[in-house]
Amino acid sequence: MSLTEEQPAVPCPDAAPHGHGLRLDRWDPDAQAQVEVWLRSRTAPDFRRWNTPLTVVSDLAGARAALAAQRKQAADGTCAPFRITDAESGTTLGHVGINMIDRTFRTARVGYWVLPEERGRRVATRALALASDWAFAELGLHRLELGHALGHDASCRIALACGYGYEGTLRGAMFEAGRQDAFRDVHLHGRLAADPSPAWTGHR
């Protein structure tokens, strides 16, 4: 089979990754509280500053549709979206996703966000480390990539803390905030399955 021939989709495992005080659960488009959290996160000024989704979510119906579409993609094996929750209380803290999964080249892109009130507790760092280890172990991926808009220093620090080395700047690789007719530069970070886990996670 050639490398350009499409591989059959493989659904992602359902087991919820847990560790570092977190549990990564699936989003449920039928759970009103989760839909409300998704809407609140997607309309937050800070989220819109650094992200420009192809489909803008502006109401509960749109948030529910987005979560339903995400669940379908997860079933197809093209992404693995997770609701970051506190391991003890089950409180929703944010989101981390293994996106654009390519089974041929065994690669994927990662993305994440944390609710404003949960920042400052290394939630994104812990969730990214947990999701990355899960993707390598459970999906058999070889390479994970992380891109963030130039100037998003917090994302840069999170990537480096999780073993995603800086690999260069991609020119005009992301939409400008709130626009789909202008572009901005992106920092590219990457991590391979063979790379050591960060020392702070306590394992390699």
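Reference entry: report on the structure contained in this document. Keep in mind the model is a prediction, meaning the values are calculated, not measured.

### Quick word on the side chain of Arg42
Thought 1: Structurally, Arg42 can be placed in helix α1 (residues 32-42).
Thought 2: Buried charge without a salt bridge: Arg42, with Asp46 as the nearest opposite-charge side chain at an N-O distance of 12 Å.
Thought 3: Leaving out residues up to four positions away in the same chain, Arg42 has contacts with Phe47, Arg48, Pro53, Val57 and Trp113.

### What about the packing of α1 against helix α3 (residues 60-76)?
Thought 1: Where α1 contacts α3, the two axes come as close as 9 Å, and the packing angle between them is 105°. Judged by the inter-axis angle, α1 sits roughly perpendicular to α3. Of the residues in α3, those touching α1 at Gln32, Gln34, Val35, Glu36, Trp38 and Leu39 are Leu60, Ala63, Arg64, Ala66, Leu67 and Gln70.
Thought 2: For the contact of α1 with α3, the residue count by class is 7 nonpolar, 3 polar and 2 charged.

### Topic: the state of the cysteines
Thought 1: As enumerated under the stated definition, the model contains 0 disulfides in all.
Thought 2: This cysteine, Cys162, is not joined by any disulfide, and Cys156 carries the nearest cysteine sulfur, 12 Å off.
Thought 3: Note on Cys162: relative accessible area 0%, which makes it buried.

### Brief notes about the pattern of salt bridges
Thought 1: A complete count under the given rule lists 12 salt bridges for this structure.
Thought 2: Between Arg23 and Asp25 there is a salt bridge, and its shortest N-O distance comes to 2.6 Å.
Thought 3: Taking the relative accessible area as the measure of exposure, Arg23 reaches 37% and is therefore partly exposed.
Thought 4: Residue classification places Asp25 among the buried residues on the basis of a relative accessible area of 15%.
Thought 5: In this structure, the salt-bridge partner of Arg71 is Asp28, at a minimum N-O distance of 3.9 Å. In this pair, Arg71 is assigned in helix α3 and Asp28 in the loop between β2 (22-25) and α1, connecting sequence segments 43 residues apart.
Thought 6: Put simply, Arg109, Arg143, Glu145 and Glu167 are held in one network by salt bridges that share partners.

Scoring rules and cut-offs
Residues numbered from 1 in each chain as written. Predicted model: local features only at pLDDT ≥ 70, side-chain atom pairs only at ≥ 80, totals over all residues. Heavy atoms only, no water. Helix = DSSP H or I, 4+ residues; strand = E, 2+ residues; numbered from the N terminus. Buried < 20%, exposed > 50% of the residue type's maximum accessible area, 1.4 Å probe, protein only. Lys, Arg positive; Asp, Glu negative; His and termini not counted. Salt bridge = Lys/Arg side-chain N within 4 Å of Asp/Glu carboxyl O. Contact = heavy atoms within 4.5 Å. Axes fitted to C-alpha atoms, helices over the stretch in contact; angles between N-to-C directions. Parallel < 35°, antiparallel > 145°, perpendicular 65-115°, else oblique. Nonpolar A, V, L, I, M, F, W, Y, C, P; charged D, E, K, R; others polar. Disulfide = S-S within 2.5 Å.

Interpretation note: all reported values are geometric properties and have no functional meaning in isolation.
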